[in-house]
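The primary structure of each chain is shown beneath.
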Amino acid sequence: MAGKEKLDMFCYQCAQTVRGTGCTVKGVCGKEPTVARLQDNLLIATRGMAAYLYHARELGYTDTEVDAFLERVFYSTFTQVNFDAENFVELALEAGEMNMKTMRLLKKAHIETYGEPEPTEVQTGTVKGRGIIATGHGLKALEELLKQTEGTGINVYSHSELLPAHGYPGLKKYKHLAGNLGISWRDQKKLFSEYPVAILGTSNCVLIPGEEYRDRMFTTGPARLPGVHHIAGYDYARVIEKANSLPELEGKPGDLVLTTGFSKSVVLSLKDKIKQLVEAGKIRHFFLVGGCDSPLKKMEYYRELVQKLPHGTVVLTLGCAKFRINDLNLGDIEGVPRLIDLGQCNDSIVAVEIAEALAELFGVGVNELPLTLVLSWMEQKAVAVLWSLLALGVKGIYLGPILPAWINDDILKVLKDNYDLKLIGNPADDLKEMLKED
């Protein structure tokens, strides 16, 4: 999760041990606290980028330019070789550009491997039979699990950021991909305790398990947890064996049906209709409401905001924060859905490409579109996506529910002055500001 690194380290320039995010005094090197915070920011952003790069590499897709950039970042931060605050801002913007490149690479990997997502209704609740819950971001791990459980009578359920898997033709073809259980990563302790199934964690956002289900949980890929069996590679025989040793679930369909799988081509197939509705005043404004979820009470802001939106608005959503709003029935505007789930957090690239296409359609810049971005903040991928948007010159982003830990007053001032970054406040007041020109 994004935050200050609580580590002691020796500063070779100041010849002293410093704590936390780095030097807090001007020593011989003249290093300021702001430089240390910008270093933190850069490392956090590149951690998020590395996660996307990992999943692309799983599917055989790599990029040498991104790899070379990561080398420069690590050299500039870990070796105490760079003390230039302005250069770290430049590197952060370059990180945003490299993250755009990485997200495009991962999207290409997903589409060329599993087909382009298509709108798909996903049942919640359970079907009768034994089960496995897969959580995280790893589509490759999910695919291998589905292959190995096909014909076994075991049902596989998605959780959190694996919900969008249901939209990919190459994954939803498996009939035993039975549905989605739970919401975002934050509910896993309660959820995993409730269902007597095997659990496979495929990436970050796995939590240290409770004793009630520790012996039923497995990790794979980069995820590891204390006391939990880790599987190197993609042989999930142990997971299947555990699932078969557990009682069958009852068939209890949930009341909620979720819709996911809106790809760029699906949304842009509606562009002429969208243009007509905008010009007729029937669509007033577009919102991108998404990002990373967190257990904070302040996260209720996002649901309250969407509930207050007038009918002539369309909401794009992505990332695990979509679970704050994706159960809302917003209906449609003459066939254009008012709530459009674009996918995982890495599908921010889809949102960007849709915005660019709409800007071209209306003959304006992205910042001139009737579009407001309201992004929730929690972990390192959100940092990478934020700098991607800033690198594109996107302005007026609303961000919350708390400030990133690496921001101080000086950094915040730069972001506000240069990018009109806004901090979320009261949903009703913010909405008035967002819609004031419509």
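Residues numbered from 1 in each chain as written. Predicted model: local features only at pLDDT ≥ 70, side-chain atom pairs only at ≥ 80, totals over all residues. Heavy atoms only, no water.

Caption draft 1: Focus on the environment of Tyr236. Relative to the elements of secondary structure, Tyr236 occurs in the loop between strand E9 (229-231) and helix H7 (237-244). C-alpha of Tyr236 to C-alpha of Leu146: the two residues are 90 residues apart in sequence and 9.9 Å apart in space. (Helix = DSSP H or I, 4+ residues; strand = E, 2+ residues; numbered from the N terminus.)

Caption draft 2: Spatial organisation of the environment of Val197. Considering the arrangement of structural elements, one finds Val197 in the loop between helix H6 (188-194) and strand E7 (198-201). Val197 sits 112 residues away from Ala85 along the chain, and the two C-alpha atoms are 50 Å apart. Discounting chain neighbours no more than four positions away, the residues touching Val197 are Gly131, Ile132, Ile133, Arg216, Leu246 and Leu249. (Contact = heavy atoms within 4.5 Å.)

Caption draft 3: Inspection of the pairing of strand E16 (residues 371-376) at higher detail. Extensive coverage of E16 is indicated by the burial of five of its six residues. The pairing of strand E11 (residues 285-291) with E16 spans six bridges and is parallel. Of the residues in E16, the one forming a bridge with Phe286 is Leu371. Pairing between E16 and strand E17 (residues 398-400): three bridges, direction parallel. Bridge pairing in E17 links Val374 to Tyr398. (Buried < 20%, exposed > 50% of the residue type's maximum accessible area, 1.4 Å probe, protein only. Pairing = 2+ DSSP bridges.)

Caption draft 4: Broad picture of the environment of His166. Mapped onto the fold, His166 is located in the loop between strand E5 (155-159) and helix H5 (169-172). Relative accessible area serves as the criterion here: at 5%, His166 is assigned to the buried category. C-alpha separation for the pair His166 and Asp255, spaced 89 residues apart in sequence, amounts to 18 Å. Other than its neighbours up to four places away in sequence, His166 contacts Thr120, Val122, Ser158, Lys172, Leu177, Gly179, Asn180 and Thr260. A polar contact of 3.5 Å, which involves the side chain of His166, links it to the backbone oxygen of Gly179. (Polar contact = N/O pair within 3.5 Å; in protein donor to acceptor, adjacent residues only side chain to side chain.)

Caption draft 5: Main features of the pattern of salt bridges. Tallied over the entire structure, the rule returns 27 salt bridges. The salt bridge involving Glu65 is made with Lys101; its shortest N-O contact spans 3.4 Å. Separated by 36 residues along the polypeptide, Glu65 in helix H2 (residues 64-78) and Lys101 in helix H3 (residues 85-114) bring together distant segments of the chain. A salt bridge links Asp347 to Lys107; the nearest nitrogen and oxygen atoms lie 2.7 Å apart. One end of the pair, Asp347, is in the loop between strand E15 (339-343) and helix H11 (348-362); the other, Lys107, is in helix H3, and 240 residues separate them in sequence. For the residue pair Asp347 and Lys107, the accessibility class agrees, reading buried in each case. Here the salt bridges share partners, and the residues they tie into one network are Lys140, Glu143, Glu144 and Lys147. (Salt bridge = Lys/Arg side-chain N within 4 Å of Asp/Glu carboxyl O.)

Caption draft 6: View of H7. Of the positions making up H7, those classed as buried are Val239, Ile240 and Ala243. Burial along H7 is one-sided: seen end-on, the buried residues are contained in an arc of 95°. The elements touched by buried residues of H7 are strand E4 (131-135), helix H4 (139-149), E7, strand E8 (217-220) and E9. (Arc of directions from axis to C-beta.)

Caption draft 7: Quick peek at the sheet that holds strand E18 (residues 422-423). Strand order in this open sheet of six strands is E15-E12-E11-E16-E17-E18, and the pairing throughout is parallel. Looking along the sheet, the strands with just one partner apiece sit at the ends: E15 and E18. Examined bridge by bridge, E11 and strand E12 (residues 313-318) share four bridges and lie parallel to one another. Within the sheet, the bridge partner assigned to Phe286 lies in E12 and is Val314.

Caption draft 8: Structural view of the packing of aromatic side chains. A complete count under the given rule lists five aromatic pairs for this structure. In this structure an aromatic cluster arises from ring pairing among Trp377, Trp387 and Trp406. Lys140 extends its terminal NZ or CZ atom over the ring of Tyr234, reaching a point 5.4 Å from the ring centre. (Phe/Tyr/Trp six-rings, centres within 6.5 Å; stacked < 30°, edge-to-face > 60°. Lys NZ or Arg CZ within 6 Å of the ring centre and 35° of its normal.)

Caption draft 9: A look at the packing of helix H9 (residues 271-279) against H11. Packing of H9 against H11 brings their axes to within 11 Å, and their N-to-C directions diverge by 60°. Between H9 and H11, the interaxial angle falls into the category oblique. Relative to H11, H9 is oriented so that their crossing is right-handed. On the side of H9, the interface is formed by Lys271, Ile274, Lys275 and Val278, while H11 contributes Leu358, Leu361 and Phe362. Broken down by class, the residue content of the contact of H9 with H11 amounts to five nonpolar, no polar and two charged. (Axes fitted to C-alpha atoms, helices over the stretch in contact; angles between N-to-C directions. Parallel < 35°, antiparallel > 145°, perpendicular 65-115°, else oblique. Left-handed = near helix turned anticlockwise from the far one by under 90°. Nonpolar A, V, L, I, M, F, W, Y, C, P; charged D, E, K, R; others polar.)

Caption draft 10: Geometry of the packing of helix H1 (residues 33-58) against helix H12 (residues 380-391). Two elements in contact, H1 and H12, have axes separated by 7 Å at closest approach and are oriented at 100°. The pairing of H1 with H12 is recorded here as roughly perpendicular in orientation. Facing Asn41, Ile44, Ala45, Arg47, Gly48, Met49, Ala51 and Tyr52 of H1, the residues of H12 in contact are Gln380, Lys381, Val383, Ala384, Val385 and Trp387.

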